[in-house]
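# Examining the three-dimensional arrangement
Here is how the chains run, residue by residue.
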Amino acid sequence: MSVSEAVAHVAFLPSAGMGHLNPFLRLAALFLRYGCKVTLIIAKPMVSLAESNLISCFCSSFPHQVTQIDFNLIPMDPTTFNTNDPFYLQYETIRSSVHLLSEILSSLSKTLSACIFDVLLTSPVVSIAENLSCPSYIFFPSSARMLSFIAFVSVLAASHPAAQPHPSTFIGDVVQIPGFTSSIPRSSVPSALLLQGSNPFQRMLVEDSLNLMKFNGIFINSFEELEGEALAALNDGKVVKGLSPVYGIGPLMACKFENVDQGPRGCMGWILEWLDEQAEGSVVYVSLGSRTETRKEQIRDMALGLIECGYSFLWVVKLKRVDREEDEGLEDVLGSELMSKVREKGVVVKEFVNQMEILGHPAVGGFVSHGGWNSITETVWEGVPVLTWPQGGDQKINSECIRISGVGIWPEDWGWGSQDVVRGKEISNRIKEMMNNESLRVKVNEMKKAARNAADVGGSCEVFVKRLIEDWKKNI
Ligand code: UDP
Ligand code: UDP
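Attention shifts here to the layout of surface pockets. In this structure, the second largest pocket encloses a volume near 370 Å³. Together, 15 residues line the second largest pocket, and Gln164, Pro165, Phe170, Val206 and Glu207 are the ones closest to its centre. Here the lining of the second largest pocket gets five residues from one element, more than from any other, and that element is helix 9 (residues 200–211). Residue composition of the lining of the second largest pocket, grouped by class: eight nonpolar, five polar and two charged.

Written out as structure tokens, the structure is:
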């Protein structure tokens, strides 16, 4: 498809990590569905295999509509940064190479209708975005509640007497954001933000909080019925005055390009066969997302809890944060006796699975999740109740959303995944509570209907996308 044949030409700049890339490409697919041409600018090299596989599947699924441009990063010395997280190192590397982006974008600028940046690029791309002749947007892949928190950080910082106060001083025991019925306790604030000293996450968040205002709009994977209060507070200027419009274009649906088995040994075939043999609603699906390794101290109790809960289970376990580094068998960690008990009652895999396909299978009756926002919107889309076990970052704030909306439970006393080991008995009790709770099931099914209406023909998502494309055409 040539640019002149397309209704609009949109450049997309993702950052790093599946939790960002997956919904970002779903957003790109949404604009493709309405006849846009997409240029995908990819920072290379990428961190994980899962990411590079997904990008190739995406590009090969839309050979005529998508063009890929490599954004070759300038390598950085990992010791420069106070982080041992490869994803954070990648964000920093992208940040320090961002000047190279100007060149790429100016070569496209004549034909561009809009440019959409992942939220992790917010501050570095501000000056580039201001010089573009087309509107620029941020994609925020977490909840509207989390976006409100980040936007409100600038308000909190400005109301503190110190010139550049540390977040641990301007964030009090509770954060009460105007327009919200429930407050955010300090214990739910991403812990990296409260650490003494300075770290990349902290610097990024404080800086981004102010810079979010400098774009033409913010796309968010949420919708009215799931987060009406937060979306209204953001758009009515209650959270912070002058914030760009927030477009709730969620729920972003899984797309065909994801239906490619991404595990190196291809596990989805036999997982689906196994699920086919299980009774409807009888299986607990357990996954703590794409970048959370389960600590060795916790793995044993996790296994004990799953064995004891009495349900079959599909447990996707990560022993390392980055998939390329997985080198140890689960049996080495659990021992052969416990491992054989696990195998009697359920299925355990270490590969990257197709989560949407699993959640959509009728045998799956509950989800134990870390509370990553994609996992939450996906479980709502499929009408599967959830038990969240926040491991870090935005996950407690997201867990509060699911509790308010009634689609899941969040045992707050479990704390973060890095705190005390949660015992097997407790895990088993809470899984039973989720699986037996009829009101959760009713609520999540209502939310599933609302999610599908939002994404359907004439739904809120279509309304936003069509209106934007019309606005962009007027600019040309
Ligand atoms: N995901 C998947 N298979 C896996 C692990 C994750 O398909 O084995 C997908 C999941 O469906 C979601 C994304 O990766 O779309 C993870 O995003 P989320 O926000 O839930 O958590 P994160 O991985 O960023 O912590
Ligand atoms: N992080 C980092 N450097 C730090 C603090 C945090 O790279 O000094 C990363 C951390 O690894 C995590 C992310 O920032 O992936 C978000 O922080 P989170 O609140 O999840 O960290 P945690 O709860 O694990 O301290």
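The discussion continues.
Another point: the site of ligand 1. The environment of ligand 1 is made up of 14 residues, and the closest members are Ser290, Val353, Asn374, Ser375 and Glu378. The separation between an oxygen atom of ligand 1 and a polar side-chain atom of Ser290 is 2.5 Å. Residue Glu378 places a side-chain N or O atom 2.6 Å away from an oxygen atom belonging to ligand 1. Burial of ligand 1 by the protein chains amounts to 93% of its free accessible area of 530 Å². Mapped by element, the contributors of at least two residues to the shell around ligand 1 are helix 1 (18–33) and helix 16 (373–382). Among the elements that make up the shell around ligand 1, the one with the highest residue count is helix 16 (four residues).

Moving on, we get to the sheet that holds strand 12 (residues 346–349). Read across the open sheet, the six strands follow the order 12-11-10-13-14-15; overall the sheet is parallel. On the outer flanks of this sheet lie strand 12 and strand 15 (408–409), each paired with one strand and no other. When strand 11 (residues 312–316) meets strand 12, the two strands line up parallel, connected through four bridges. Residue pairing in the sheet places Trp315 in a bridge with Val348 of strand 12.

Within the sequence span of helix 11 (residues 268–276), burial applies to Met268, Ile271, Leu272, Trp274 and Leu275. The arc enclosing the buried residues of helix 11, seen along the axis, measures out at 160 degrees, which places them on a common side. Opposite its buried face, helix 11 presents the exposed residues Glu273 and Asp276, each directed more than 90 degrees away. Buried residues along helix 11 sit in contact with strand 10 (283–287), strand 11, strand 12, helix 15 (355–359) and strand 13 (364–369).

A few words now on the packing of aromatic side chains. Tallying each qualifying case throughout the model produces 15 aromatic pairs. Pairing Phe12 with Phe31 gives two aromatic rings, centres 6.3 Å apart and planes at 55 degrees, and the pair type is tilted. With a gap of 19 residues between them, Phe12 in strand 1 (residues 9–13) and Phe31 in helix 1 connect regions that are remote in the sequence. Since its relative accessible area comes to 0%, Phe12 is described here as buried. Where Phe219 meets Tyr247, the ring centres are 5.6 Å apart and the plane angle is 35 degrees; that geometry is what we call tilted. Of this pair, Phe219 sits in strand 8 (residues 217–220) while Tyr247 is found in strand 9 (residues 246–248), placing the two residues 28 residues apart along the sequence. Given the relative accessible area of 0%, Phe219 is considered buried. Three or more aromatic residues link up through ring pairs in this structure, and these residues are Phe12, Phe24, Phe31, Tyr137, Phe139, Phe219, Tyr247, Phe464 and Trp472.

Time to look at the site of ligand 2. Taken together, 13 residues are adjacent to ligand 2, and Thr83, Asp85, Ser191, Arg291 and Gly393 come closest. Residue Ser191 places a side-chain N or O atom 2.6 Å away from an oxygen atom belonging to ligand 2. Ala192 is positioned such that a nitrogen or oxygen atom in its backbone is 3.4 Å from an oxygen atom of ligand 2. If ligand 2 stood free it would expose 510 Å²; the protein chains cover 77% of that surface. Within the shell around ligand 2, the residues separate by chemical class into four nonpolar, six polar and three charged.

A separate point is the sheet that holds strand 8. On the basis of which strands lie adjacent, the open sheet formed by seven strands has the order 3-2-1-4-5-8-9 and parallel pairing. Of all strands in the sheet, those with a lone pairing partner are strand 3 (66–72) and strand 9, marking the two edges. Going across the sheet, the axis of each strand differs from the next one's by a mean of 25 degrees, ignoring polarity. As paired strands, strand 4 (residues 114–118) and strand 5 (residues 136–140) are joined by four bridges and run parallel to one another. Its bridge partner being in strand 5, Ile116 is matched across the sheet by Tyr137.

Calculation rules
Residues numbered from 1 in each chain as written. Chains lettered and ligands numbered in written order. Predicted model: local features only at pLDDT ≥ 70, side-chain atom pairs only at ≥ 80, totals over all residues. Heavy atoms only, no water. 1 Å grid on protein atoms, 1.4 Å probe; cavity = no way out; pocket = protein on both sides within 12 Å on 5 of 7 lines; lining within 4 Å. Points joined across faces, edges and corners; volume = space filled by probe spheres on them. Helix = DSSP H or I, 4+ residues; strand = E, 2+ residues; numbered from the N terminus. Nonpolar A, V, L, I, M, F, W, Y, C, P; charged D, E, K, R; others polar. Near = heavy atom within 4 Å. Polar contact = N/O pair within 3.5 Å; in protein donor to acceptor, adjacent residues only side chain to side chain. Areas by Shrake-Rupley, 256 points an atom, 1.4 Å probe, with all protein chains shown as cover. Pairing = 2+ DSSP bridges. Buried < 20%, exposed > 50% of the residue type's maximum accessible area, 1.4 Å probe, protein only. Arc of directions from axis to C-beta. Contact = heavy atoms within 4.5 Å. Phe/Tyr/Trp six-rings, centres within 6.5 Å; stacked < 30°, edge-to-face > 60°. Axes fitted to C-alpha atoms, helices over the stretch in contact; angles between N-to-C directions.

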